[in-house]
Amino acid sequence: MRFMLTLIGPEGGYEDVTPDQMKAEMVNWEKFGAETMDAGVFLAGEGLQPAETAKTVRGGRDEERVVTDGPFAETKEQLGGFYLLECKDLDEALEWAKRVPIRDGAVEVRPVMDYEAMGYEDPRDAGATPAQGS
Amino acid sequence: MKYLLTFVVDERFAWEATPEEARETIERWSEFDREAVEAGVMIATEALEDSSSATTIAIEASGDRAVTDGPFAESKEQLGGFCLLECENLDEALEWAKKVPLRAGHIEVRPVRDLSELGYVSPTPAPAKAAAR
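On a predicted model such as this, the values are computed, not experimentally measured, just so you know.

Novice: Break down the overall build of chain A for me, with residues and values.
Specialist: Looking only at helices and strands, chain A features two helices and six strands. Across the 134 residues of chain A, 34% fall into the buried class. Residue pairs at least 24 apart in sequence account for 76% of intrachain contacts in chain A once pairs closer than 6 positions are excluded.

Listed below in structure tokens is the structure:
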């Protein structure tokens, strides 16, 4: 069963951080990534650039697809990154979520929909199975 | 360069689809996914269950981690799904965003942070058909 972990928090906070402190911070994230890989649960995960870099496209019919600068919502807290994990149940997903090395904010955990019953065939091949640690 | 497309949808908009409409919708999404895979840009994509299925872990300044039921924000618009793409630039990412078969709502496009200068390499696998590029 797949779960999406979204990392939400205030942006910034790293302005006064030295390069050495930043590298030390990255070690925590690398360690978390490596642990999820070794456990065979890691599918994908990324950190995002700040919300000010966002563009937003309106959905709907072709003529309605207007592009605007900025994120969808100008909120104090923004999506900062995510992990997509293959876990056996919600409890396992929550255990991983508790270990995400985020310093401030929240981790939202949500199950991914299963569309196979509706006839959806996933066109991905190798990308559809969890990456295994070495 | 990687871009994350997040689909923001109004969950109050309950869609009473006939089986035929549901099938057509699935076909449109399958077509989009196939196209993105064939172009060698698709890394990952998923649709999420409703936000009522969410569990949120709040990270306190003290390091405490409190688990609560429900999404982070009880807003009417919620994350409904996402798509992680490998594109040449923002323009290409926006072209794909315009093709996402979302009937209502918004698609937010954001570049992924490059942390390679800090020695961090993302463990996310390359697109399913990277060789096509």
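More follows now that the structure is in view.
Novice: Describe in detail the pairing of strand E3 (residues 55–59) of chain B, supporting the description with residues and values.
Specialist: Summarising burial for E3 of chain B: four of the five residues are buried, a large majority. Two elements, strand E6 (residues 105–111) of chain A and E3 of chain B, share five bridges in a ladder whose sense is antiparallel. The partner of Val109 of chain A across the bridge, within E3 of chain B, is Thr55 of chain B. Sheet analysis places E3 of chain B next to strand E4 (residues 65–69) of chain B, joined by five bridges and oriented antiparallel. Residue pairing for E4 of chain B: Ala58 of chain B is matched across the bridge by Ala66 of chain B.

Novice: Break down the nonpolar core for me, with residues and values.
Specialist: Residues Leu5, Leu85 and Val107 of chain A together with Leu5 and Leu85 of chain B are the most contacted members of the largest nonpolar core, which totals 59 residues. When residues of this core are assigned to their parent elements, the largest contribution, six residues, is made by strand E1 (residues 2–10) of chain B. Once you skip the residues sitting within four places of it in the chain, Leu5 of chain B turns out to touch Phe82, Cys83, Leu85, Ala97, Val100, Ile107 and Val109 of chain B.

Novice: Which residues make up the interface of chain B and chain A, and what values go with them?
Specialist: By a widely used convention, the size of an interface equals the accessible area lost when the partners come together. In this complex, chain B contributes 57 residues to the contact, which on the side of chain A involves 59 residues. Contributing elements (two or more residues each) for the side of chain B that touches chain A: E1, helix H1 (19–38), strand E2 (42–47), E3, E4, strand E5 (77–86), helix H2 (90–99) and strand E6 (106–111) of chain B. Tallied by class, residues from the side of chain B that touches chain A come to 35 nonpolar, ten polar and twelve charged. One ladder, built from four bridges, connects strand E3 (residues 55–58) of chain A with E6 of chain B; its direction is antiparallel. Bridge pairing links Lys55 of chain A to Val109 of chain B in E6 of chain B.

Novice: Quick rundown of the sheet that holds E4 of chain B? Include the residues and the values.
Specialist: Strand order in the open sheet formed by six strands is E2(A)-E5(A)-E1(A)-E6(A)-E3(B)-E4(B), and the pairing between neighbours is antiparallel. The sheet is open, and its two edges are formed by strand E2 (42–47) of chain A together with E4 of chain B, each paired on a single side. When strand polarity is set aside, the average angle formed by the axes of neighbouring strands in this sheet is 20°. Summarising the sheet, strand E1 (residues 2–10) of chain A and E6 of chain A pair through six bridges and their orientation is antiparallel.

Calculation rules
Residues numbered from 1 in each chain as written. Chains lettered and ligands numbered in written order. Predicted model: local features only at pLDDT ≥ 70, side-chain atom pairs only at ≥ 80, totals over all residues. Helix = DSSP H or I, 4+ residues; strand = E, 2+ residues; numbered from the N terminus. Buried ≥ 20, exposed ≤ 12 C-beta atoms within 10 Å, placed from the backbone. Contact = placed C-beta atoms within 7 Å. Pairing = 2+ DSSP bridges. Core = buried A, V, L, I, M, F, W, Y, C linked by C-beta atoms within 7 Å. Nonpolar A, V, L, I, M, F, W, Y, C, P; charged D, E, K, R; others polar. Axes fitted to C-alpha atoms, helices over the stretch in contact; angles between N-to-C directions.

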